[in-house]
Amino acid sequence: MKIKLSLLLIAIISCSCSVNQNKTNQNDLPIIGTWELISATSTEKDSTFSTFDPKVKMIKIINPDHFAFFVHDLTMGKEPNPKFSAGAGRYILVNDTYTEYLEYFSNRAWENNKFEFKVSIKNDTLIQKGVEKVEKLGVDRIITEKYKRIKK
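What you are looking at is a predicted structure, and each value in this text was computed from that prediction instead of being measured. (Residues numbered from 1 in each chain as written. Predicted model: local features only at pLDDT ≥ 70, side-chain atom pairs only at ≥ 80, totals over all residues. Heavy atoms only, no water.)

Undergrad: Got a minute to help me understand the packing of aromatic side chains in this structure?
TA: Centre-to-centre distance and the angle between the planes together describe a pair of aromatic rings. Counted by the stated rule, this structure contains six aromatic pairs. Here the aromatic rings of Trp 110 and Phe 115 are separated by 6.1 Å at their centres, their planes lie at 35°, and the arrangement is tilted. In this pair, the class of Trp 110 matches that of Phe 115, namely buried. The ring of Tyr 101 carries the charged tip of Arg 90 above its face, separated from the ring centre by 4.2 Å. (Phe/Tyr/Trp six-rings, centres within 6.5 Å; stacked < 30°, edge-to-face > 60°. Buried < 20%, exposed > 50% of the residue type's maximum accessible area, 1.4 Å probe, protein only. Lys NZ or Arg CZ within 6 Å of the ring centre and 35° of its normal.)

Below, the structure is given as structure tokens:
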């Protein structure tokens with residue numbers, strides 16, 4: 001009986017430690033939340049330029065293991081070519097390395113690609129910088145995006 005009780009106690013402690021370890025990693029960088037894009041630049045070869053379009057709104061939602069983003073025009077679809085795109089997938093965050101695995105996207109050629117970023121949070125701003133590379137589309141650039149946390 002004492003052996004069974006000891007094994008049960010060890011199992012509970014082991015589970016407890018692994019759960020706390022995951023929570024600690026998330027608390028180190030509070031990335032979970034809803035974010036609005038406020039700035040974006042792209043660097044290709046030796047040229048850096050803004051890719052931020054004030055006529056569209058981009059929202060990124062990050063939960064403990066998945067992300068999703070949505071982009072739409074601010075004219076409510078009343079312009080000749082309304083803009084809408086969306087994507088989602090899982091991610092891994094290790095220290096300040098945030099890796100997205102894009103599983104779904106309205107432009108299917110981007111799907112099943114991995115994008116690695118360095119992230120930081122300053123006050124209510126999330127900054128992510130990394131390489132966006134999709135060989136079959138000829139995309140190979142460094143992007144920097146800044147997001148502001150949307151408060152409840």
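Alright, that's what it looks like, and here's the rest.
Undergrad: What is the right way to read a nonpolar patch on the surface from this model?
TA: On the surface, a cluster of nonpolar side chains totalling about 290 Å² of accessible area is made up of Ile 61, Phe 70 and Phe 84. Turning to its location among the elements, Ile 61 is positioned in strand β3 (residues 56-62). (Patch = residues over 30% accessible without salt bridge, like charges linked within 9 Å, V, L, I, M, F, W, Y side chains within 5 Å. Areas by Shrake-Rupley, 256 points an atom, 1.4 Å probe, with all protein chains shown as cover. Salt bridge = Lys/Arg side-chain N within 4 Å of Asp/Glu carboxyl O. Helix = DSSP H or I, 4+ residues; strand = E, 2+ residues; numbered from the N terminus.)

Undergrad: Is there a simple way to explain the pattern of salt bridges in this structure?
TA: Working definition: two side chains of opposite charge can pair if their charged atoms are close together. Scanning all chains against the criterion turns up nine salt bridges. Across the salt bridge formed by Asp 96 and Lys 118, the nearest N and O atoms sit 3.4 Å from each other. You can see Asp 96 sitting in the loop between β5 (84-94) and β6 (97-105) and its partner Lys 118 sitting in strand β7 (residues 113-122), a full 22 residues away along the chain. Across the salt bridge formed by Glu 111 and Arg 108, the nearest N and O atoms sit 2.9 Å from each other. Accessibility expressed as a relative area gives 60% for Arg 108, which makes it exposed.

Undergrad: Please clarify how the layout of surface pockets should be interpreted in this entry.
TA: Roughly 680 Å³ of volume is contained in the largest pocket. Looking at the largest pocket, it is lined by 30 residues, and the ones nearest its centre are Met 58, Phe 69, Val 71, Glu 132 and Glu 145. For the lining of the largest pocket, the elements supplying multiple residues, two or more each, are β1 (33-44), β3, β4 (66-73), β6, β7, β8 (125-134) and β9 (139-149). Looking at which element gives the most residues to the lining of the largest pocket, the answer is β1, with six residues. Of the residues belonging to the lining of the largest pocket, the class tally is 16 nonpolar, five polar and nine charged. (1 Å grid on protein atoms, 1.4 Å probe; cavity = no way out; pocket = protein on both sides within 12 Å on 5 of 7 lines; lining within 4 Å. Points joined across faces, edges and corners; volume = space filled by probe spheres on them. Nonpolar A, V, L, I, M, F, W, Y, C, P; charged D, E, K, R; others polar.)

Undergrad: What am I meant to see in the environment of Gly 89 here?
TA: Following the sequence through the fold, Gly 89 ends up in strand β5. Overall, Gly 89 belongs to the buried group, its relative accessible area being 2%. A C-alpha to C-alpha distance of 7.0 Å links Gly 89 and Glu 100, two positions eleven residues apart in sequence. The residues contacting Gly 89, other than those within four sequence positions of it, are Asp 65, His 66, Phe 67, Tyr 101 and Glu 103. (Contact = heavy atoms within 4.5 Å.)

Just geometry here; none of it tells us what the structure is for.
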